[in-house]
Every structure is written in structure tokens, then in C-alpha cells.
Amino acid sequence: GRDELVLVADFGAGTSDLTLMRLGPSRRSSADRRKDVVASTGAWVGGDRFDAAIMKHKLLRFFGAGTTYRVTGQRLPMPTHLVNKLLSWHEMSFIRERSTQDFLERMLRTTDHPQAIAALQDLVMHNLGYHLFRAIEAAKVRLSTSTEARIKFDEARIHLDVRLTRAELERFTAPLLDELTACVDRLLGVAQLSPAAIDAVFLTGGSSQIPSVQRLFAERFGEERLRSGDAFTSVAEGMGRAARG
């Protein structure tokens, strides 16, 4: 029933977008809402980076990270550039080439962990990255309501059943929360406002369901100010209302 100053935080797959705006009865009849936006900013922190953190800390070892192979009488670790490509399913497509296939064949013959390299071969060459990351995402989602989950994946020569706890996830993703905290600070700095000046905080997007993300905003603004809608449709609904209106 009154106008409010609202922080809208939209957490997507690749980015988090924060907007501070005025909303309320007196604003609805305005044809030009641009002045209602007080400040906006964002960070390259989204659901994909949370998934990548799980892959990095819990699963890379099953795909050869930390193993060695022999070249001209010496043992070398798996190339860093190859390991880094495994942190994103769509990046894996860039290493599905003949040179990578030949390299993995050579590595399989001389590695100290052939089972892991065989799993890596199938992950990359059979284009299983997307399906693996869906399994990672599913475990992450379960941790929003449970304190532990299992990452299960059984395809080709890849056989995973790995326990993941919420405490581990929060430890792995602490740097991402630091980036989000800095993003909030940047928004308030641009607006020249303190947290106490914000009437409500609206969280939307899949990662808004992560307990550590919710806790960040609750600790900064007070849990009583947090609002949420459907995490996956609220942005589309808002666009529809704006277009209709």
C-alpha cells in the first residue's frame, strides 16, 4: 500500500544482476519508469560458477586431474588448459578435436591412473559434459533443502556416486559469495545509501534458492525484508506485466 525502495537481485546461469528501484502504487501509472531505477550493477557470478566449483573440488580427480603421464623419459602432469576446459560443459566442445583425442590415447598408455583417463576420454569424446553437469546441478539443488546429496552419473566408462555436503559447497563457493558481497557494496555505494535505507530485497533466479546466498542478504538487510517469487518465472512475469501495462 506504499512506495518502497527495493533491491531486486536476479541470479542467472552466468551473471547476477542487482537493481535498486522504487516500486509502489504511485509508480504504476507512470509511462516512463526509467527514473524509478536508482542504481544497477552486476557480477559474473551465476549458477554455472557454482557448478564449476563442485566439478573442480569434488569430481576433477575422477577425470585425471593430478595424474601424470610419461613423455621422453619424464613424467608430466595433465596440461592445465585441458583441466580448465572441464569446468564448463560448453567449453568441452572446444577440445573435441583430433589432437586432443590423440593426446588422450598417448596419455592412457602411460598414465598412472588409466581408469581416470578412460573416463576423461569418454566425457570429452562422447560429448557427455552437459549430462554430467546436469547431475552436478541436481545435487546442488538438493542441497537447498538437505544438508547432503549425491552426485550420481553412470555413462560409458564413467561411474560416479559422490557424496556432497552443504558445508562443502559453502566452502568451495566462498569466493563467489565474496564477489556477490562486493557487488552489493558497489550498488549501495553508487546509490549512496546504507542497508537500512532499503525497504525490501527481492531475490529471484535459480541461485537465489542457495542457502548461503539467502544468508548473505539476510545478514546485510535483515531476514524480515527478504521477498521472493517464483525463482524461475518471476522475471518473465514482470516483463509480461510491463508489456501489458
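All figures in this text were calculated on a predicted structure; none of them were measured in a lab. (Residues numbered from 1 in each chain as written. Predicted model: local features only at pLDDT ≥ 70, side-chain atom pairs only at ≥ 80, totals over all residues. Heavy atoms only, no water.)

Chemist: I'd love a proper account of the environment of Ala 200, names of residues and values included.
Modeler: Mapped onto the secondary structure, Ala 200 falls in strand S8 (residues 200-204). Setting aside chain neighbours within four positions, we find Ala 200 in contact with Glu 4, Leu 5, Val 6, Leu 7, Arg 225 and Arg 227. (Helix = DSSP H or I, 4+ residues; strand = E, 2+ residues; numbered from the N terminus. Contact = heavy atoms within 4.5 Å.)

Chemist: Give a description of the nonpolar core that names residues and reports values.
Modeler: Judged by nonpolar contacts, the single largest core of 37 residues is most densely connected at Met 55, Leu 59, Phe 63, Leu 86, Leu 123, Leu 132 and Ile 151. In contact with Leu 86, other than residues within four places in its own chain, are Met 55, Leu 60, Phe 63, Met 92, Ile 95, Leu 120, Leu 123, Val 124 and Phe 133. Of all hydrophobic cores here, the second largest spans 26 residues; its members include Leu 7, Leu 177, Ile 210 and Leu 216. (Core = buried A, V, L, I, M, F, W, Y, C linked by side-chain atoms within 4.5 Å. Buried < 20%, exposed > 50% of the residue type's maximum accessible area, 1.4 Å probe, protein only.)

Chemist: How would you sum up the layout of surface pockets? Please name residues and give values.
Modeler: The volume enclosed by the second largest pocket comes to roughly 780 Å³. Contributing to the lining of the second largest pocket are 33 residues, with Gly 47, Asp 48, Arg 49, Asp 51 and Lys 140 lying nearest its centre. Of all elements in the fold, only helix H1 (47-59), helix H5 (129-142) and helix H7 (174-191) reach the threshold of two or more residues within the lining of the second largest pocket. Residues of the lining of the second largest pocket, tallied by class, amount to 15 nonpolar, 10 polar and eight charged. (1 Å grid on protein atoms, 1.4 Å probe; cavity = no way out; pocket = protein on both sides within 12 Å on 5 of 7 lines; lining within 4 Å. Points joined across faces, edges and corners; volume = space filled by probe spheres on them. Nonpolar A, V, L, I, M, F, W, Y, C, P; charged D, E, K, R; others polar.)

Chemist: Provide a residue-level description of the packing of aromatic side chains, including the pertinent values.
Modeler: Enumeration over the complete set of coordinates arrives at four aromatic pairs. An angle of 90° between the planes, with centres 5.2 Å apart, marks the rings of Tyr 69 and Phe 103 as edge-to-face. Residue Tyr 69 is located in strand S4 (residues 68-71), and its partner Phe 103 is located in helix H3 (residues 98-110); the two are separated by 34 residues in the primary sequence. Each of the two residues, Tyr 69 as well as Phe 103, counts as buried. With a centroid separation of 5.0 Å and an interplanar angle of 75°, the aromatic rings of Trp 89 and Tyr 130 are classed as edge-to-face. Pair noted here: Trp 89 is in the loop between helix H2 (80-85) and H3 and Tyr 130 is in helix H5, with a separation of 41 residues, a long-range link. Trp 89 gets classed as partly exposed once you look at its relative accessible area, which sits at 38%. (Phe/Tyr/Trp six-rings, centres within 6.5 Å; stacked < 30°, edge-to-face > 60°.)

Chemist: Which residues make up the packing of H1 against H5, and what values go with them?
Modeler: Viewed as axis vectors pointing N to C, H1 and H5 meet at an angle of 100°, and their least axial separation amounts to 10 Å. In this view, H1 runs roughly perpendicular relative to H5, as classed from their interaxial angle. On H5, the residues that touch Gly 47, Phe 50, Asp 51, Ala 52, Ile 54, Met 55 and Leu 59 of H1 are Leu 132, Phe 133, Ile 136, Glu 137 and Lys 140. Looking at the contact of H1 with H5, its residues break down into eight nonpolar, one polar and three charged. (Axes fitted to C-alpha atoms, helices over the stretch in contact; angles between N-to-C directions. Parallel < 35°, antiparallel > 145°, perpendicular 65-115°, else oblique.)

Chemist: Kindly report on the sheet that holds strand S3 (residues 37-43), identifying the contributing residues and their values.
Modeler: The strand order S3-S2-S1-S8-S9 describes an open sheet built from five strands, whose pairing is mixed. On the outer flanks of this sheet lie S3 and strand S9 (226-228), each paired with one strand and no other. Adjacent strand axes in the sheet meet at a mean angle of 20°, parallel and antiparallel pairs treated alike. The sheet contact formed by strand S1 (residues 4-11) and S8 spans five bridges and is parallel. When the sheet's bridge partners are listed, Leu 7 is paired in S8 with Val 201. Its contacts with the sheet place H7 against S1, strand S2 (16-23) and S3, and it is angled at close to 155° to S3. Of the strands in this sheet, S1, S8 and S9 touch helix H8 (residues 211-221), which is tilted by about 160° from S1. (Pairing = 2+ DSSP bridges.)

Any functional reading would require information beyond the geometric quantities listed.
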